[in-house]
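Here are the chains, one letter per residue:
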Amino acid sequence: RDDGTVVTWGDSLAGQRNDAPTGAGFVAIECGHIHSVGLRDDGTVVTWGGNSTGQRDDAPTGAGFVAIACGRRHSVGLRDDGTVVTWGATSSGERNDTPTCGGFV
């Protein structure tokens, strides 16, 4: 919504709807297979939904994120210093092949 709140609908088998965050300040939302990631206007990341491969528990903390993206069972965040952070599944190299250099902004 234009006020920065999150609205969800559809299946909630893994909490995709019921665990959605409340409050305003969201500037981006991305959806994976059964998890979602939100980017707040303060640069922090919020996750909800499935957690079978760490989509929620492995999510980074702290501010400084400028972009987010979700794959089927993993997520990617871009920090304001140009570094890339990944979390979630790693069975097919989703995390193991993450670039370690900066400069992606």
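Residues numbered from 1 in each chain as written. Predicted model: local features only at pLDDT ≥ 70, side-chain atom pairs only at ≥ 80, totals over all residues. Heavy atoms only, no water.

1. Comments concerning the sheet that holds strand E6 (residues 84-88)
- Strand order in the open sheet formed by 3 strands is E4-E5-E6, with antiparallel pairing between adjacent strands. Sheet topology places strand E4 (65-70) and E6 at the edges, where each strand pairs with a single neighbour. Pairwise comparison of adjacent strand axes, ignoring direction, gives a mean angle of 20° for this sheet.
- Note that E4 and strand E5 (residues 74-79) share 5 bridges and pair antiparallel. What sits directly across from Phe-65, in E5, is Arg-79. (Pairing = 2+ DSSP bridges. Helix = DSSP H or I, 4+ residues; strand = E, 2+ residues; numbered from the N terminus. Axes fitted to C-alpha atoms, helices over the stretch in contact; angles between N-to-C directions.)

2. Notes on the pairing of strand E2 (residues 35-40)
- Extensive coverage of E2 is indicated by the burial of 5 of its 6 residues.
- Bridge count between strand E1 (residues 26-31) and E2: 5 bridges; the pairing is antiparallel. Residue pairing for E2: Cys-31 is matched across the bridge by Ser-36.
- Alignment of E2 against strand E3 (residues 45-49), held across 5 bridges, turns out to be antiparallel. The partner of Gly-38 across the bridge, within E3, is Val-46. (Buried < 20%, exposed > 50% of the residue type's maximum accessible area, 1.4 Å probe, protein only.)

3. Focus on the nonpolar core
- Among the nonpolar cores identified, the biggest contains 9 residues, and these are Val-37, Leu-39, Val-45, Ala-59, Phe-65, Ile-68, Cys-70, Val-85 and Trp-87.
- Counting only elements with at least two residues in this core, the list comes to E2, E4 and E6. (Core = buried A, V, L, I, M, F, W, Y, C linked by side-chain atoms within 4.5 Å.)

4. Looking at the sheet that holds E2
- The 3 strands lie next to each other as E1-E2-E3, forming an open sheet whose pairing is antiparallel. On the outer flanks of this sheet lie E1 and E3, each paired with one strand and no other. The mean angle between the axes of side-by-side strands here comes to 20°, regardless of whether they run parallel or antiparallel.

5. Comments concerning the environment of Arg-73
- Along the polypeptide, Arg-73 turns up in the loop between E4 and E5.
- With 19 residues separating them along the chain, Arg-73 and Gly-54 place their C-alpha atoms 8.4 Å apart.

6. Notes on the side chain of Gln-55
- In this fold, Gln-55 is placed in the loop between E3 and E4.
- Using a relative accessible area of 1% as the deciding quantity, one classes Gln-55 as buried.
- A polar side-chain atom of Gln-55 sits 3.0 Å from the main-chain amide nitrogen of Ser-52.
- Other than its neighbours up to four places away in sequence, Gln-55 contacts Ile-34, His-35, Thr-47, Gly-50, Arg-73, Trp-87 and Gly-88. (Polar contact = N/O pair within 3.5 Å; in protein donor to acceptor, adjacent residues only side chain to side chain. Contact = heavy atoms within 4.5 Å.)

7. Some words on the environment of Gly-25
- As for its position among the elements, Gly-25 is in the segment before E1.
- Its relative accessible area of 13% is what places Gly-25 among the buried residues.
- With 14 residues separating them in the primary sequence, Gly-25 and Leu-39 have C-alpha atoms 8.4 Å apart.
- Residues within four places of Gly-25 in sequence aside, it is in contact with Asp-3, Gly-4, Leu-39, Arg-40 and Asp-41.

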